[in-house]
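# Analysis of the macromolecular model
Below are the chains, spelled out letter by letter.
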Amino acid sequence: MNREALEAGGVDVQGALDRMMGNEKLLARLLGKFLDDKSFEHLEAAFASQDAEAALNTAHTLKGVAGNLSVTTVYELAGRQCDLLRAGSPDEAAALMPQLGEAYRAAQDAIRTGV
């Protein structure tokens, strides 16, 4: 596991390992599953169709997945989207998509390199 590559992509490796009782193999396996997760794609679709309820549900799912794996930047941005959607500000939440997309792709690239 290349910790430096993962950290550079927004993964708090030590935080994730603490959550997984130090099991690097488990972390590597779960990070691999992050690559197959479709939450970000579904979030893009929800915003494209202007479905605020679906966007909230999907942002919440993405936040949970990212949080469990300590993909911190994705977790924080998805959390901000959830807060904005709950506050009735879907346009502001949608405005975070470019930044979230960048963080999501950086995390995916880091996982491909670091695991």
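Coordinates for the structure precede this section.
Residues numbered from 1 in each chain as written. Predicted model: local features only at pLDDT ≥ 70, side-chain atom pairs only at ≥ 80, totals over all residues. Heavy atoms only, no water.

## Concerning helix 6 (residues 72–86)
Counted only if it meets this: Secondary structure elements follow DSSP: runs of H or I no shorter than four residues count as helices, runs of E no shorter than two count as strands, and numbering proceeds from the N terminus. Given the number of residues in a helix, its expected span is that number minus one, multiplied by 1.5 Å. Note on classification: 1.4 Å probe, protein chains only; a residue is buried when its accessible area is under 20% of the maximum for its type, exposed when over 50%, partly exposed between these limits.
Along its 15 residues, helix 6 runs 21 Å from first to last C-alpha, staying within 8% of the 21 Å computed at 1.5 Å per residue. When helix 6 is considered as a whole, its buried residues turn out to be Val74, Leu77, Ala78, Gly79, Gln81, Cys82 and Leu85. At the C-terminal side of helix 6, Gly88 shows a positive phi close to 80°.

## Quick look at helix 5 (residues 52–68)
Test applied: This arc is built from the directions going out from the helix axis to the C-beta atoms. Only heavy atoms matter for contacts: two residues are in contact if any of them lie within 4.5 Å across the pair. Any N or O atom pair separated by 3.5 Å or less is treated as a polar contact, with the protein-specific requirement of one donor-capable and one acceptor-capable atom, and with residues adjacent in sequence counted only for side-chain atom pairs.
Taking 1.5 Å per residue as the helical rise, helix 5 with its 17 residues ought to reach 24 Å, and the 24 Å between its terminal C-alpha atoms agrees with that figure. Those residues of helix 5 that fall on the buried side of the exposure criterion are Ala55, Thr58, Ala59, Leu62, Ala66 and Gly67. Take helix 5 and look down its axis: the buried residues cluster within an arc of 165°, on one side only. Buried residues belonging to helix 5 abut helix 2 (13–19), helix 4 (39–48), helix 6 and helix 8 (97–114). By the N-cap criterion, in which a side-chain oxygen at the helix start approaches the backbone nitrogen of a residue two or three places on, helix 5 is capped by Asp51, the distance to Glu53 being 3.3 Å. Once helix 5 ends, the next one or two residues include Ser70, with phi positive near 60°.

## Things to note about the packing of aromatic side chains
As a reminder, the rule being used: Between 30 and 60 degrees the pair is tilted, below 30 it is stacked and above 60 it is edge-to-face, where a pair is any two Phe, Tyr or Trp rings, Trp via its six-membered ring, whose centres lie within 6.5 Å.
Taken as a whole and judged by the stated rule, the model has two aromatic pairs. Ring centres 4.6 Å apart and planes at 15° place the aromatic pair Phe40 and Tyr104 in the stacked group. One end of the pair, Phe40, is in helix 4; the other, Tyr104, is in helix 8, and 64 residues separate them in sequence. Tyr104 matches Phe40 in its accessibility class, with the two residues each being buried. In textbook terms, an aromatic cluster arises when at least three aromatic residues are bridged by ring pairs, as seen for Phe34, Phe40 and Tyr104.

## Re unusual backbone geometry
Across the chain, the bulk of peptide bonds are trans and the bulk of non-glycine residues have phi less than zero. Residues other than glycine seldom take positive phi values, yet Met21 does so here, at roughly 55°. Inspection of the secondary structure assignment puts Met21 in the loop between helix 2 and helix 3 (24–36). The phi dihedral of Gln50 falls on the positive side, at around 55°, and the residue is not glycine. Among the structural elements, Gln50 can be located in the loop between helix 4 and helix 5. Looking at Gln50, the relative accessible area reads 73%, which means it is exposed.

## A few points about the pattern of salt bridges
Let me state the cut-off plainly: The term salt bridge refers to a pairing of a side-chain nitrogen on Lys or Arg with a carboxyl oxygen on Asp or Glu at a separation within 4 Å.
For the structure on display, the rule yields three salt bridges. Between Arg3 and Glu24 there is a salt bridge whose closest N-O contact spans 3.5 Å. Note that Arg3 is positioned in helix 1 (residues 3–8) and Glu24 in helix 3, a separation of 21 residues in sequence. Residue Arg3 is classed as partly exposed on the basis of its relative accessible area of 35%. Accessibility expressed as a relative area gives 36% for Glu24, which makes it partly exposed. Put simply, Lys38 and Glu41 hold a salt bridge, and the shortest N to O gap is 3.8 Å. On the basis of relative accessible area, Glu41 is assigned to the partly exposed category, the value being 45%.

Purely geometric numbers; function is a separate question.
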